[in-house]
Amino acid sequence: MRMSSLFLRTLREDPADAELPGHRLLVRAGYIRRAAPGIYTWLPLGLKVLRKVEAIVREEMDAIGAQELTFPALLPREPYEATNRWTEYGDNIFRLQDRKGVDYLLGPTHEEMFTLAVKDMFSSYKELPLSLYQIQNKYRDEARPRAGLLRGREFVMKDSYSFDVSDEGLQASYEAHRAAYIRIFDRLGFEYVIVAAMSGAMGGSASEEFLAVSAIGEDTFVRNDSGSYAANVEAVVVPQAAAVDASGVPAAHVEDTPDTPTIETLVASLNANHPRGDGREWTAADTLKNVIVMLVHPDGTREPLAIGVPGDREVDAKRLEAQVSPAEVEAFDEKDFAANPVLAKGYIGPGVLGEERSSGIRYLLDPSVAEGSAWVTGADEHGKHVLDLVHGRDFTADGTIQAAEVREGDPSPDGDGVLHAARGIEMGHIFQLGRKFADALDLKVLDENGKLVTVTMGSYGIGVSRAVAAIAEGNLDDAGLCWPRNVTPADVHVVATGKNRDRDGDVFAKADELTAALEAQGLEVLYDDREKVSPGVKFKDSELIGVPTIVVVGKSLENGVVEIKDRRTGERREVAVDAIVDEVVREVRGADTATSAGTDTGTAAGTDSAAGTAADTTAAAGTRA
């Protein structure tokens, strides 16, 4: 690739719409360009990185016997109607009609199409197990596209599905995909963690996410020190608190607590006017906070929901959304309070909550609220709270919900130490779908006894374009990008420091010769052969673009040497001209594969020093060492 003719334009200033460091550098270095909100054009350098990520994914999927196909992106409505996802997706999919008024959608995922393809072609258990995959553009109508490639409306995804006759077969397929994912993410060059996850609207049982560890990630996950437990906060299951003895708790009593609509003001009022008998002060943890939200179901039905949590905790929006999916969560606003006059805003208590009580509002408790525990909570009357209200004795709920926030230092659900929180970018998600889609679309095969049985499925996704963004976010410095070798757009970046071929003929001639020799060795070379561009600009562009090895042909040529620079470490060294090809090949491929110039050794995958190995610590948790 000659930069004098390459379709490339680097930028000195950050683009105004780029929020994250990696996103800014991908635009500035000429890898991508914004076409519309959440939609990006892949320029030649960016496309090379994307294709290398795809190749890694494809190699590992092929290695487990998965077969690649490609479905159309424009899909008919009917299969999605059969699974109810035409409705469940709501506003999150792009819908369109042809000239005859027939409904279509742009595919967000392809479970229905994979299921129907297998139904169309296979009918016997002898043809299973089967794993199919595709690498294809997907489309989702994100309400607020952001973070560049991380949250877009069009994105590249690898989605694969396994088909088995038995649950045991599904487990084997799941483990094979899981192992392939570990190999894929080990090769991509960023730190990651495997965490327990929610399956979301697609259902299923066992579910794990592969998260790129990143401070700018949208997902929060927790793990304990030993590594025996790791989970996305949405999937953390807080154990039900053991019942306690309430025999010594006095009868519940209502007290005046004027001007106390918040937990903070309530605690202050309790300590000032209703001191505890045991001598300690009241805290927020002694109060029961009842939060009302409005669920909006895919068919438009609106349902209020009440959630009871200890007053020192907040309802975590993401955990709540995961629990009530595919319904969406909206705030319970003033018009909703007006329509429910039994609710005393700021003083809501369990007395009116519950499907069988006066409000008729379903009431779910956090599992940390133990039977027999006593609380201070709203008395359903402005300016009043009830004290010593005991769960199980004085009030009950319609069930429990895992919606309270999970905090740093909380006990690990597996009983091993405490939890520590971090942030990550979801890069992959694997889960056991089971028979949801096969049931909906009637995918059955004859078993060994000649009886029809429903096929069980697994679903396995990787955000391919997201991976490019995650790699960029994890491999950069103040000067630009620092690509891992496995995905770099070129193996080596040759810089000719001259500005004019007539005046600097020796520099350009040697750089031309070196580029040709390296290409003859099978290396991919990005060659900065631009004239009328200063050496300073060329150096800055080489750091911005981020190819791992930079070779500078310049003034030192007079002394029979050229410079090799390691982009990641900044280390520079001078190498004799007649040894430079061997030295570069050795650096790119490793010392054992370097050969003398002129001998074509073919291409070989390099391994970046930052790449590691996933230390799989449990069936549901692993971190890259």
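For the structure itself, look to the data block above.
Thresholds applied
Residues numbered from 1 in each chain as written. Predicted model: local features only at pLDDT ≥ 70, side-chain atom pairs only at ≥ 80, totals over all residues. Heavy atoms only, no water. Helix = DSSP H or I, 4+ residues; strand = E, 2+ residues; numbered from the N terminus. Buried < 20%, exposed > 50% of the residue type's maximum accessible area, 1.4 Å probe, protein only. Contact = heavy atoms within 4.5 Å. Areas by Shrake-Rupley, 256 points an atom, 1.4 Å probe, with all protein chains shown as cover. Lys, Arg positive; Asp, Glu negative; His and termini not counted. Charge placed at Lys NZ, Arg CZ, Asp CG, Glu CD. Pairing = 2+ DSSP bridges. Axes fitted to C-alpha atoms, helices over the stretch in contact; angles between N-to-C directions. Polar contact = N/O pair within 3.5 Å; in protein donor to acceptor, adjacent residues only side chain to side chain. Parallel < 35°, antiparallel > 145°, perpendicular 65-115°, else oblique. Left-handed = near helix turned anticlockwise from the far one by under 90°. Nonpolar A, V, L, I, M, F, W, Y, C, P; charged D, E, K, R; others polar. Expected span 1.5 Å × (residues − 1). Phe/Tyr/Trp six-rings, centres within 6.5 Å; stacked < 30°, edge-to-face > 60°. Lys NZ or Arg CZ within 6 Å of the ring centre and 35° of its normal. Salt bridge = Lys/Arg side-chain N within 4 Å of Asp/Glu carboxyl O.

Engineer: Any chance you could break down the overall build of the protein chain for me, citing the residues and the numbers?
Structural biologist: Secondary structure assignment for the protein chain yields 14 helices and 31 strands. In terms of overall dimensions, the protein chain has C-alpha extents of about 95 × 70 × 50 Å along its principal axes. The burial tally for the protein chain puts 50% of its 625 residues in the buried class. Nonlocal contacts in the protein chain, meaning residues at least 24 apart in sequence, comprise 68% of its contacts between residues at least 6 apart. As presented, the protein chain carries roughly 26900 Å² of accessible surface, and 50% of it is formed by carbon and sulfur atoms. Placing the 67 positive and 102 negative side-chain charges of the protein chain at their respective mean positions leaves the two points 6 Å apart.

Engineer: Break down the sheet that holds strand E29 (residues 572-576) for me, citing the residues and quoting the values.
Structural biologist: With mixed pairing, five strands are arranged side by side in an open sheet as E26-E25-E27-E28-E29. Bordering the open sheet on either side are strand E26 (525-528) and E29, each of which pairs with just one other strand. Each strand axis lies, on average, 25° off the axis of its neighbour in the sheet, ignoring direction. With five bridges joining them, strand E28 (residues 561-566) and E29 adopt antiparallel strand pairing. Residue pairing across strands places Ile-564 opposite Arg-573, the latter belonging to E29. Here helix H13 (residues 535-545) sits on the sheet and contacts strand E25 (492-496), E26, strand E27 (549-553) and E28; the angle it forms with E25, its principal contact strand, is near 170°. Relative to the sheet, helix H14 (residues 580-589) contacts E25, E27, E28 and E29, its axis offset from that of E28 by approximately 10°.

Engineer: Requested: an account of the side chain of Asn-340, with residues and values cited.
Structural biologist: Counting through the fold element by element, Asn-340 comes out in the loop between helix H9 (334-339) and strand E17 (362-365). For Asn-340, a relative accessible area of 17% corresponds to the buried category. In terms of polar contacts, Asn-340 uses its side chain to reach the backbone carbonyl oxygen of Asp-336, at 2.8 Å. Other than its neighbours up to four places away in sequence, Asn-340 contacts Phe-332 and Ile-361.

Engineer: Could you give an account of the packing of helix H2 (residues 44-63) against helix H11 (residues 464-474), with specific residues and numbers?
Structural biologist: For the pair H2 and H11, the least separation of the axes is 9 Å and the interaxial angle reads 115°. Between H2 and H11, the interaxial angle falls into the category roughly perpendicular. You can see that H2 and H11 cross each other, and the crossing is right-handed. Residues Val-49, Leu-50, Val-53 and Glu-54 of H2 touch H11, and the partners they reach there are Val-464, Ser-465, Ala-467, Val-468 and Ile-471. Class assignment of the residues belonging to the contact of H2 with H11 gives a composition of seven nonpolar, one polar and one charged.

Engineer: Before we move on, can you summarise unusual backbone geometry with the specific residues and values?
Structural biologist: Omega for the peptide link from Leu-128 to Pro-129 comes to 5°, which places this bond in the cis form. Along the chain, the position of Pro-129 falls in the loop between helix H5 (111-121) and strand E7 (130-139). Look at Asn-84: it is not a glycine, yet its phi comes out positive at around 70°. Tracing the sequence through the fold places Asn-84 in the loop between helix H3 (78-82) and helix H4 (85-88). The exposure class of Asn-84 is partly exposed, given its relative accessible area of 37%.

Engineer: Give me the lowdown on the sheet that holds E17, citing residues and values where you can.
Structural biologist: An order of E16-E14-E15-E17-E20 is seen for the five strands of this open sheet, with the pairing classed as mixed. Each of the sheet's edge strands pairs with one partner strand only, and the pair in question is strand E16 (328-331) and strand E20 (399-400). Relative to strand E15 (residues 302-310), strand E14 (residues 288-296) runs antiparallel, the two being bridged by nine bridges. Considered in E15, the bridge of Val-291 is made with Ile-307.

Engineer: Requested: an account of the pairing of E17, with residues and values cited.
Structural biologist: Of the strand pairs in this sheet, E15 and E17 are connected by four bridges, and their pairing is parallel. Residue pairing in the sheet places Ala-306 in a bridge with Tyr-363 of E17. As judged from the two bridges shared by E17 and E20, these two strands associate in the parallel manner. Within E20, the position partnered with Leu-365 by the bridge is Thr-400.

Engineer: How would you sum up H2? Please name residues and give values.
Structural biologist: The terminal C-alpha atoms of H2 lie 28 Å apart, and with 20 residues this matches the ideal 28 Å at 1.5 Å per residue to within 8%. For H2, every residue scored as buried is listed here: Leu-45, Gly-46, Val-49, Leu-50, Lys-52, Val-53, Glu-54, Ile-56, Val-57, Glu-60 and Met-61. Directly beyond the C-terminal end of H2, a positive phi value near 85° is found at Gly-65.

Engineer: Please set out helix H1 (residues 21-28) residue by residue, giving values where relevant.
Structural biologist: Every α-helix carries 3.6 residues per turn, so stepping three or four residues along brings you back to the same face. Buried residues dominate H1, accounting for six of its eight residues. Lining the buried residues of H1 we find strand E1 (32-36), strand E2 (39-42), H11 and H13.

Engineer: I'd love a proper account of the packing of aromatic side chains, names of residues and values included.
Structural biologist: Applying the stated criterion across every chain, the model contains eleven aromatic pairs. Ring centres of Tyr-174 and Tyr-460 lie 6.4 Å apart, and the angle between their planes is 50°; this geometry places the pair in the tilted category. Placement of the pair is Tyr-174 in helix H6 (residues 167-188) and Tyr-460 in strand E24 (residues 456-463), with a sequence separation of 286 residues. Judged by relative accessible area, Tyr-174 falls into the buried class, the value being 3%. Judged by its relative accessible area of 1%, Tyr-460 is buried. Note on Tyr-181 and Phe-210: the rings are 5.5 Å apart at their centroids and 55° apart in plane angle, and the pair reads as tilted. Remark: Phe-210 occurs in strand E10 (residues 207-213) and Tyr-181 occurs in helix H6; sequence separation between them is 29 residues. Ring pairing ties together the aromatic residues Tyr-181, Phe-185, Phe-190, Tyr-192 and Phe-210, which thus form one cluster. Its guanidinium or amino end placed over the ring of Trp-86, Arg-95 lies 4.6 Å from that ring's centre, counting from NZ or CZ.

Engineer: Any chance you could break down the environment of Leu-116 for me, citing the residues and the numbers?
Structural biologist: For Leu-116, the location among the structural elements is in helix H5. Ignoring sequence-local partners within four residues, the contact set of Leu-116 consists of Pro-79 and Leu-441.

Engineer: Account for the pattern of salt bridges, with residues named and values stated.
Structural biologist: Within the structure shown, the criterion is met by 50 salt bridges. Taking the shortest distance from any N to any O, the salt bridge between Lys-335 and Asp-333 comes out at 2.7 Å. What makes Lys-335 exposed here is its relative accessible area of 55%. In this structure, Asp-504 engages Arg-503 in a salt bridge whose closest nitrogen and oxygen atoms are separated by 3.5 Å. Connected through shared salt-bridge partners, Arg-485, Arg-573, Glu-583, Arg-586 and Glu-587 make up one network.

Engineer: I'd love a proper account of the environment of Thr-377, names of residues and values included.
Structural biologist: Its place among the elements puts Thr-377 in strand E18 (residues 374-378). Each C-alpha atom of the pair Thr-377 and Asp-388 lies 8.9 Å from the other, and the pair is eleven residues apart in sequence. Aside from chain neighbours lying at most four places away, what touches Thr-377 is Leu-288, Asn-290, Ile-348, Gly-349, Pro-350, His-385, Val-386 and Leu-389. In terms of polar contacts, Thr-377 uses its side chain to reach the side chain of Asn-290, at 3.0 Å.

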